Amino acid sequence: HLPIDDEAQLRSALVERLRSMRAPPGTAGRYDHGRQLFSYCSLDRERLKAIELPSPIIGIILSGRKEVWLGDTSHLFEPGTVFVLPARVPMDVVNIPAGLTSSYESLLLEVPSLPSGVAPVFGNETASRSDDGRTFRVPLDTDLVDSLVHAATAIWGQALDAIKTVRLLEVLTLLRPIAAARPLFETDLSQKVAWLIGSG
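The structure presented is a predicted model; accordingly, all values stated were derived computationally and were not measured.

The rules we used
Residues numbered from 1 in each chain as written. Predicted model: local features only at pLDDT ≥ 70, side-chain atom pairs only at ≥ 80, totals over all residues. Heavy atoms only, no water. Helix = DSSP H or I, 4+ residues; strand = E, 2+ residues; numbered from the N terminus. Buried < 20%, exposed > 50% of the residue type's maximum accessible area, 1.4 Å probe, protein only. Contact = heavy atoms within 4.5 Å. Areas by Shrake-Rupley, 256 points an atom, 1.4 Å probe, with all protein chains shown as cover. Axes fitted to C-alpha atoms, helices over the stretch in contact; angles between N-to-C directions. Parallel < 35°, antiparallel > 145°, perpendicular 65-115°, else oblique. Left-handed = near helix turned anticlockwise from the far one by under 90°. Nonpolar A, V, L, I, M, F, W, Y, C, P; charged D, E, K, R; others polar. Pairing = 2+ DSSP bridges. Lys, Arg positive; Asp, Glu negative; His and termini not counted. Salt bridge = Lys/Arg side-chain N within 4 Å of Asp/Glu carboxyl O. Polar contact = N/O pair within 3.5 Å; in protein donor to acceptor, adjacent residues only side chain to side chain.

Engineer: Just to check I follow, could you spell out the overall build of the protein chain for this structure?
Structural biologist: A tally of regular secondary structure across the protein chain gives four helices and 10 strands. Starting at the N terminus, the α and β elements of the protein chain follow one another as α-β-β-β-β-β-β-β-β-β-β-α-α-α. When the 200 residues of the protein chain are sorted by exposure, 44% land in the buried category. By sequence separation, contacts in the protein chain at least 24 residues apart represent 76% of the contacts at least 6 residues apart. Put simply, the protein chain shows about 10500 Å² of open surface, and 54% of that area lies on carbon and sulfur atoms.

Here it is, written out as structure tokens:
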């Protein structure tokens, strides 16, 4: 692939490379692609109040825009934006279609547990923070774009489970140092103890 440095170009390239995974026209609600991978579509502007996700998710906006509100603070995501939303945190979400004839669509991957070999975060770890404290938006580079496309394609397609796991591991490895992705690696005490025992 050609090197791309500009964030806007990376977002555009990501949407284009995922074009084949778009839900059929006219789809509303959830459209499953594979294990924990699905599109969410809205034909009209919708507001979801005080939702709490059961598991953290990695998301990519494919069309339209999404607003996420925590209290009075809003975060706006445009097409190609990669974001991570935490589990069990009340938030308001607004999904905004691209226009009168275009829907809102995001590609979402639920991460209910960490694959073997991926370390959870511990209380003494420090991650780089954004200026506004909590952030959901993940900064893009070419490696992350490639890994996201490969993982989505593997989960969507007929790849072996082992390959799907490897592709997800690649994505999580790249996300591990990023502050916005921290919710993916936050686990309860029992899971942390199990990881420490297993890695000893």
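Continuing now.
Engineer: Looking at this model, I keep getting lost on the packing of helix α2 (residues 142-156) against helix α3 (residues 161-175). Mind explaining?
Structural biologist: To describe two helices that pack against each other, one gives the angle between their axes and the distance between the axes. The interhelical angle for the contact between α2 and α3, taken along N-to-C directions, is 155°, at an axis separation of 9 Å. As far as their axial angle goes, α3 and α2 are roughly antiparallel. Crossing of α2 over α3 shows left-handed handedness. When α2 is examined against α3, the residues Asp143, Leu144, Ser147, Leu148, His150, Ala151, Ala154 and Ile155 are found in contact with a partner set consisting of Lys164, Arg167, Leu168, Glu170, Val171, Leu174 and Leu175. Here the contact of α2 with α3 is built from residues that sort into nine nonpolar, two polar and four charged.

Engineer: Would you take a moment to explain the sheet that holds strand β8 (residues 91-96) for this structure?
Structural biologist: Whenever strands of a sheet pair, they do so through backbone hydrogen bonds, lying parallel or antiparallel. Spatial strand order, β3-β8-β5-β6: four strands in an open sheet with antiparallel pairing. Since the sheet does not close on itself, it has two edges, and those belong to β3 (46-51) and β6 (73-77), each with one partner. Across the sheet, the mean angle from the axis of one strand to that of its neighbour is 15°, orientation sign disregarded. Examined bridge by bridge, strand β5 (residues 65-70) and β6 share five bridges and lie antiparallel to one another.

Engineer: Would you take a moment to explain the sheet that holds strand β7 (residues 82-85) for this structure?
Structural biologist: One open sheet holds the six strands; their spatial order is β1-β2-β9-β4-β7-β10, and the pairing between them is antiparallel. With partners counted over all chains shown, the strands left at the sheet margins are β1 (29-34) and β10 (137-138), one partner each. Of the strands in this sheet, β4 (57-63), β7 and β10 are in contact with helix α1 (residues 7-17), which crosses β4 at around 90°.

Engineer: It is not clear to me how unusual backbone geometry should be interpreted in this structure. Could you clarify?
Structural biologist: Glycine aside, residues mostly have negative phi, and peptide bonds are mostly found in the trans state. A positive phi angle is found at Ala50, which is not glycine, with a value near 50°. You can see Ala50 is positioned in strand β3. Looking at Ala50, the relative accessible area reads 52%, which means it is exposed. Unlike most non-glycine residues, Arg88 shows phi in positive territory, near 60°.

Engineer: I keep staring at the packing of α1 against α2 and nothing clicks. Help me out?
Structural biologist: Two elements in contact, α1 and α2, have axes whose closest approach is 10 Å; the angle formed by their N-to-C orientations is 15°. Taken as axis vectors, α1 and α2 run roughly parallel relative to one another. Where α1 crosses over α2, the two elements pack in a sense that is right-handed. Contacts from Leu10, Leu14 and Arg17 in α1 reach Thr142, Val145, Asp146, Leu148, Val149 and His150 in α2. Along the lines of polarity and charge, the residues of the contact of α1 with α2 split into five nonpolar, two polar and two charged.

Engineer: Just checking my understanding: could you explain the side chain of Glu46 for this structure?
Structural biologist: With respect to the secondary-structure elements, Glu46 resides in strand β3. Lys66 provides the closest opposite charge to the buried, unpaired Glu46, separated from it by 6.9 Å. Separated by 2.8 Å, the side chains of Glu46 and Tyr40 make a polar contact. Apart from the residues within four sequence positions on either side, Glu46 is in contact with Tyr40, Val93, Val94 and Asn95.

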